[in-house]
Amino acid sequence: MNNHERLLGILEEGSSDYVSGEEISRRLSVSRTAVWKQINKLRELGYNIDASSRRGYRLISQPDRLEASKLADMLNTQSFGQRIVVLDSTVSTQQDAMRLAEEGAPEGTLVLAEEQTAGRGRLGRKWYSPRGKGIWMSIVLRPAQPLAFTPQLTLLTGVAVCRAIRRLTGVEAGIKWPNDLLIHGRKVSGILLESATEDQRVRYCIAGIGIDVNLNVEDYPEELSHVGTSLKIEAGLEVDRTALIAAVLEEMELLSKLYAEQGFQPIAMLWEALSVTMNRSVRAHTGQGIAVEGTAVGLDPSGALVIETNQGERIQVISGDIQL
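Residues numbered from 1 in each chain as written. Predicted model: local features only at pLDDT ≥ 70, side-chain atom pairs only at ≥ 80, totals over all residues. Heavy atoms only, no water.

- Under an unreviewed UniProt entry, the chain has the name Biotin and belongs to Paenibacillus jamilae.

Right, here's the structure in full:
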């Protein structure tokens, strides 16, 4: 047990009482300065510790920590989340999940991190992933289908996350094609699907999911302060991250079974019902640098967004960004 853990144990023993710096110093056999540094380290990890020059230190609250055992107890799934890896900090859960998939990890294997130091979004963008405030996770998928159908899995994942958020929090999140979840026009979640292929078949896919759960307004950097939001901001209360992860995994398993049995059509119907893109005037910037303007009228069987231009032409947008 390191000194951080021992210090935390001493503060927990004190319950609601203050523990003097002198006593902590004696029990840890370190200087008072070293105690102060360790207190600050715990604060950086999300522990709320009050300090009084006369009385010492008191533990007010502990961070909401992700624990594999706690999540496993909440789960009601057969495969999704049956293997769980929880990391304190990582570069990207996508990289960790890919490594596990290459090693043969089964479908539904889940990688969670309290913090990502270089989280990734679509088109090489960075994803802001502060410690203990959100859900930063990646799920191993092993679909038996051609590569051309993988965009459908992005939409399936969006439906699963949107349904889980609505069910658990009551907040009416909506899906913006292809992979963003919005609340009142602000982004609360993003999805990144990456595939490994061989002979035009999918070996595995990694569904990366980022959800801003308990961020406060002041947690956002300036460049995101006007475009991002969190479930806590929108719902007005803290959300249990573990319960939300369990809800996402349950929805993913349910929809994956539906997809395997009935194909993409029922998923597309659910997506359209939850979408904030449908029947709206949109401007699409495609991956080829082409701008398309018109009304979003539906999904085609591949998962591409169908836009009807003012001239009545219907154009399929396979990849790109959408402005509402």
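### Details of the packing of helix α8 (residues 241-262) against helix α9 (residues 265-274)
So, step 1. Running from N to C, α8 and α9 cross one another at 135°; their axes reach a closest spacing of 8 Å. When the axes of α8 and α9 are compared, the pair comes out oblique. Taking contact as the criterion, the partners of L255, L258, Y259 and Q262 in α8 are, on α9, P266, I267 and L270.
So, step 2. Per-class residue counts for the contact of α8 with α9 are six nonpolar, one polar and no charged. (Axes fitted to C-alpha atoms, helices over the stretch in contact; angles between N-to-C directions. Helix = DSSP H or I, 4+ residues; strand = E, 2+ residues; numbered from the N terminus. Parallel < 35°, antiparallel > 145°, perpendicular 65-115°, else oblique. Contact = heavy atoms within 4.5 Å. Nonpolar A, V, L, I, M, F, W, Y, C, P; charged D, E, K, R; others polar.)

### Thoughts on the sheet that holds strand β4 (residues 110-113)
So, step 1. An order of β3-β4-β7-β11-β10-β9-β8 is seen for the seven strands of this open sheet, with the pairing classed as mixed. Unpaired on one side and paired on the other, β3 (84-87) and β8 (174-176) mark the two borders of the sheet. Adjacent strand axes in the sheet meet at a mean angle of 20° when their direction is disregarded.
So, step 2. Packing of helix α5 (residues 93-102) onto the sheet brings it into contact with β3, β4, β7 (134-141), β10 (186-198) and β11 (201-212), and relative to β11 it is tilted by some 150°. (Pairing = 2+ DSSP bridges.)

### A short note on unusual backbone geometry
So, step 1. Residue P178 follows W177 across a cis peptide bond; omega there is -5°.
So, step 2. Relative to the helices and strands, P178 is located in the loop between β8 and β9 (180-183).
So, step 3. The backbone phi angle of N279 is positive, close to 60°, even though this residue is not glycine.
So, step 4. The residue N279 is located in the loop between α9 and β12 (281-286) in this model.
So, step 5. Among the residues examined, N279 registers a relative accessible area of 62% and is labelled exposed. (Buried < 20%, exposed > 50% of the residue type's maximum accessible area, 1.4 Å probe, protein only.)

### Observations concerning the nonpolar core
So, step 1. Grouped together as the largest cluster of nonpolar side chains are 61 residues, with contacts concentrated most on L110, M137, I139, I211, L244, I245 and V248.
So, step 2. Not counting residues up to four positions away in its chain, the partners in contact with V248 are M137, A160, V161, A164, I209 and I211.
So, step 3. L7, I24, L42 and I49 belong to the second-largest nonpolar core, a separate cluster that totals 15 residues. (Core = buried A, V, L, I, M, F, W, Y, C linked by side-chain atoms within 4.5 Å.)

### Side note on the packing of helix α1 (residues 3-13) against helix α2 (residues 21-28)
So, step 1. At a closest axis distance of 11 Å, the pairing of α1 and α2 adopts a crossing angle of 135°. On the basis of the axis angle, α1 is oblique to α2. Relative to α2, the crossing made by α1 is right-handed. Residues N3, R6, L7, I10, L11 and E13 of α1 form the contact with α2, whose participating residues are I24, R27 and L28.
So, step 2. Across the contact of α1 with α2, the residue classes break down as five nonpolar, one polar and three charged. (Left-handed = near helix turned anticlockwise from the far one by under 90°.)

### Comments concerning helix α3 (residues 32-44)
Spacing of three or four residues puts side chains on the same side of an α-helix, whose turn is 3.6 residues.
So, step 1. Under the 1.5 Å per step criterion, the end-to-end length of α3 is 19 Å for 13 residues, consistent within 8% with the ideal 18 Å.
So, step 2. Every buried residue belonging to α3 is among V35, Q38, I39 and L42, and all of these are buried. Considered in projection along α3, the buried side chains sweep an arc of 105° and stay on one side of the axis. Set apart from the buried face of α3 by more than 90 degrees, the exposed residues are K37 and E44.
So, step 3. Note on α3: the residue one or two positions beyond its end, G46, has a positive phi of about 105°. (Expected span 1.5 Å × (residues − 1). Arc of directions from axis to C-beta.)

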